[in-house]
Amino acid sequence: MIWGNFGIIHYLTLIFSIILIITLYFILKNKTEKTKIITLFILSLSGICAIVYNLVTWKSPLEYLPFHMCSINAILLPIAILTRNKTIGNLLVLWSLGALIALLLNYPAANYEIFSWTFVIYYFPHTLEFGIPILLFIFKIIKLDYRTIPATILITFIIYTIVHFINVGLNNYFIENNILDGNGEIIQVNYMFSFLPDNPVLQLFYNIIPYKYFYMLLAFPIIIIYELAIYLPNILKNKYKKTI
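Residues numbered from 1 in each chain as written. Predicted model: local features only at pLDDT ≥ 70, side-chain atom pairs only at ≥ 80, totals over all residues. Heavy atoms only, no water.

Asks: Residue-level account of the overall build of the chain, with values.
Replies: In terms of helices and strands, the chain carries 8 helices and 0 strands. When the helices and strands of the chain are listed from N to C terminus, the series reads α-α-α-α-α-α-α-α. Its C-alpha atoms give the chain a radius of gyration of 19 Å, near enough to 18 Å, the size a compact globule of 244 residues would have. Dimensions of the chain, computed from C-alpha atoms along their principal axes, come out at roughly 65 × 40 × 35 Å. The buried share of the chain, reckoned over its 244 residues, is 42%. When the accessible surface of the chain is split by element, carbon and sulfur atoms take 71% of a total near 13,500 Å². For the chain, the distance from the average site of its 15 positive side-chain charges to the average site of its 10 negative ones is 25 Å. (Helix = DSSP H or I, 4+ residues; strand = E, 2+ residues; numbered from the N terminus. Rg over C-alpha atoms; globule rule 2.2 N^0.38 Å. Buried < 20%, exposed > 50% of the residue type's maximum accessible area, 1.4 Å probe, protein only. Areas by Shrake-Rupley, 256 points an atom, 1.4 Å probe, with all protein chains shown as cover. Lys, Arg positive; Asp, Glu negative; His and termini not counted. Charge placed at Lys NZ, Arg CZ, Asp CG, Glu CD.)

Asks: Can you tell me about the environment of Leu92, naming the residues and giving the values?
Replies: Looking at where Leu92 falls in the secondary structure, it is placed in helix α4 (residues 86–104). For Leu92, a relative accessible area of 1% puts it in the buried group. C-alpha of Leu92 to C-alpha of Phe165: the two residues are 73 residues apart in sequence and 23 Å apart in space. Once you skip the residues sitting within four places of it in the chain, Leu92 turns out to touch Asn73, Leu76, Leu77, Ala80 and Pro133. (Contact = heavy atoms within 4.5 Å.)

Asks: Describe the pattern of salt bridges, naming the residues involved and giving the relevant values.
Replies: Pairing between side chains of opposite charge can happen when the charged atoms of each approach one another. With the rule as written, the count across this model stands at 3 salt bridges. Residue Arg84 pairs with Glu33 through a salt bridge whose shortest N-O separation is 3.2 Å. Residue Arg84 is located in the loop between α3 (69–83) and α4, and its partner Glu33 is located in helix α2 (residues 33–57); the two are separated by 51 residues in the primary sequence. Of the charged contacts in the structure, one is a salt bridge between Asp145 and Lys86, with a shortest N-O distance of 2.9 Å. Separated by 59 residues along the polypeptide, Asp145 in the loop between α5 (117–138) and α6 (149–176) and Lys86 in helix α4 bring together distant segments of the chain. Judged by its relative accessible area of 34%, Lys86 is partly exposed. (Salt bridge = Lys/Arg side-chain N within 4 Å of Asp/Glu carboxyl O.)

Asks: Explain the packing of helix α1 (residues 8–28) against α5 residue by residue, including any values.
Replies: Close contact between α1 and α5 brings their axes to 10 Å; oriented N to C, the two are set at 45°. In this view, α1 runs oblique relative to α5, as classed from their interaxial angle. Considering only the axes of α1 and α5, their crossing is right-handed. Residues Thr13, Phe16, Ser17, Ile18, Leu20, Ile21, Leu24 and Tyr25 of α1 touch α5, and the partners they reach there are Phe119, Tyr123, Phe124, Thr127, Phe130, Gly131, Leu135 and Ile138. Of the residues contributing to the contact of α1 with α5, the split by class is 12 nonpolar, 4 polar and no charged. (Axes fitted to C-alpha atoms, helices over the stretch in contact; angles between N-to-C directions. Parallel < 35°, antiparallel > 145°, perpendicular 65-115°, else oblique. Left-handed = near helix turned anticlockwise from the far one by under 90°. Nonpolar A, V, L, I, M, F, W, Y, C, P; charged D, E, K, R; others polar.)

Asks: So what's going on with unusual backbone geometry? Which residues, and what values?
Replies: Even without being glycine, Lys59 reaches a positive phi, approximately 55°. Within the fold, Lys59 resides in the loop between α2 and α3.

Asks: Quick one: what's the story with the packing of α4 against α6, residue by residue and with numbers?
Replies: Look at α4 against α6: their axes get within 9 Å of each other, and the N-to-C directions meet at 70°. Between α4 and α6, the angle is such that the two are roughly perpendicular. Taken together, the residues of α6 that come into contact with α4 (itself represented by Thr87, Asn90, Leu91, Leu94 and Trp95) are Ala151, Thr152, Ile155, Thr156 and Ile159. In terms of residue class, the contact of α4 with α6 is built from 6 nonpolar, 4 polar and no charged.

Here's what the structure looks like:
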């Protein structure tokens, strides 16, 4: 049974993701904070397992280095849980959206069999990378703070820029040294999609700004609107306190 894209199976898995997160909430709701932290930490390690799985299984580790947003998210999430760092935690509020988008726009994984390990390793880590940051704030393990918005946007921009130059450097190295993948083709990577991917949504961005790296900057106004929407109750609550 193929996962597919925007078919009945795809929709059912998206519904199951929501049910899974809600179920996890009710399971942990009345537990101690220590139990919540330990449980969420153990579940967050699924992303690390996915990174290792992809590096080993596909026999082309250079194409699966942990430079995609969801891979960096997977590395930061256990750290955020253990340290309860407010900056990292609030950053992951934004990056959890990237995990949700990876489930919605599942084009690279649409041909996976849903009962295969490849599907499991893609689906569950992305679901948890979307859900766990939300639960961290619902359970007040990390405080939602609108003052972290500038840091979130700046960190995202810096990491995206660094990863773009990693893409450029790696791709030039692969071409110059004729580094081939398992199909005998020169490896070319596109971490964080700073180069145009085969994705109809990002293609819309590229149609407006047809340049590598720069086209993804169109995502930042959307990010700002998303951040303001998420933190609006927090902003209003803080403003109300100051007027009392």
